[in-house]
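# Breakdown of the fold
Residue-level listing of the chains:
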Amino acid sequence: MSTSSENAAKKILYIDMDNTLVDFPSGIDRVSPALLEQYPDRDDIPGIFALMDPLPGAIDAVHEQAPLFDIYVLSTAPWANPTAWHDKLEWIKTHFGAEKGSVLYKRLILSHHKHLNRGDFLVDDRPEHNGVDKFPEHGGEVIHFGEHGTHTTWPEVVAYLKESA
């Protein structure tokens, strides 16, 4: 694990979870029709965030960028779904390791106000939600990720970030 002095020289990179690191629809596909009917707002389904797969290339991208950036996951957990807060942490531990020294050890930030975080880059699929649109006001850059983003795959994001490191 790098020391704080090593991290001080690195640019700060935040990465969103849902539909950025995590394949949200993969979790919905694993939910019973009865639960889907009971919870029209899919974000509120208890345990939904524990059921999701990583997006293709996401895990490798984080590991590849870790030597270049001071990386944090910056996500929002639905207010009406208390299991989401726990499930998001467990998802990080499952896919990146729970032990001290793992790439995202104690690097999960859950907030409804992403603009309050200071950093250089924020990779997010929803640039208009939860303060993402205000992130650039403090000098950071939003990298719009996903199907409707400026970067649609993790290899595209990695290539762009390597130029900016």
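The paragraphs below set out a description of the structure included in this document. (Residues numbered from 1 in each chain as written. Predicted model: local features only at pLDDT ≥ 70, side-chain atom pairs only at ≥ 80, totals over all residues. Heavy atoms only, no water.)

## Observations concerning the sheet that holds strand E1 (residues 11-15)
Pairing is parallel in the open sheet, where five strands are placed in the order E5-E4-E1-E6-E7. Across the chains shown, the open sheet's two edge strands, defined by having one partner strand only, are strand E5 (108-110) and strand E7 (141-144). Shown here is a sheet whose adjacent strand axes are inclined to one another by a mean of 25 degrees, direction ignored. As judged from the four bridges shared by strand E6 (residues 121-124) and E7, these two strands associate in the parallel manner. Within E7, the position partnered with Asp 124 by the bridge is His 144. The strands touched by helix H5 (residues 82-96) are strand E4 (69-75) and E5; relative to E5, the strand with the most contacts, the crossing angle is about 160 degrees. (Pairing = 2+ DSSP bridges. Helix = DSSP H or I, 4+ residues; strand = E, 2+ residues; numbered from the N terminus. Axes fitted to C-alpha atoms, helices over the stretch in contact; angles between N-to-C directions. Contact = heavy atoms within 4.5 Å.)

## Remarks on the environment of Arg 30
Among the secondary structure elements, Arg 30 is positioned in the loop between helix H2 (24-28) and helix H3 (33-38). Among the residues examined, Arg 30 registers a relative accessible area of 45% and is labelled partly exposed. Once the C-alpha coordinates of Arg 30 and Ile 48 are considered, the two residues, 18 residues apart in sequence, prove to be 8.5 Å apart. With residues near it in sequence (within four places) discarded, Arg 30 still touches Leu 51, Met 52 and Asp 53. Within the local environment of Arg 30, its side chain forms a polar contact with the side chain of Asp 53, the two groups lying 3.0 Å apart. (Buried < 20%, exposed > 50% of the residue type's maximum accessible area, 1.4 Å probe, protein only. Polar contact = N/O pair within 3.5 Å; in protein donor to acceptor, adjacent residues only side chain to side chain.)

## Some words on the pattern of salt bridges
Pairing between side chains of opposite charge can happen when their charged atoms approach one another. What the rule picks out here adds up to seven salt bridges. Linking Lys 114 and Asp 16 is a salt bridge whose minimum nitrogen-to-oxygen distance equals 3.0 Å. With Lys 114 in the loop between E5 and E6 and Asp 16 in the loop between E1 and strand E2 (22-23), the pair connects residues that are 98 residues apart, well separated along the chain. Here Lys 114 matches Asp 16 in class, with each residue buried. Note that Arg 30 is salt-bridged to Asp 53, the shortest N-O span being 3.0 Å. Highlighted residues: Arg 30 in the loop between H2 and H3 and Asp 53 in strand E3 (residues 53-54), separated in sequence by 23 residues. One connected set of salt bridges, linked through shared partners, spans Asp 16, Lys 114 and Asp 124. (Salt bridge = Lys/Arg side-chain N within 4 Å of Asp/Glu carboxyl O.)

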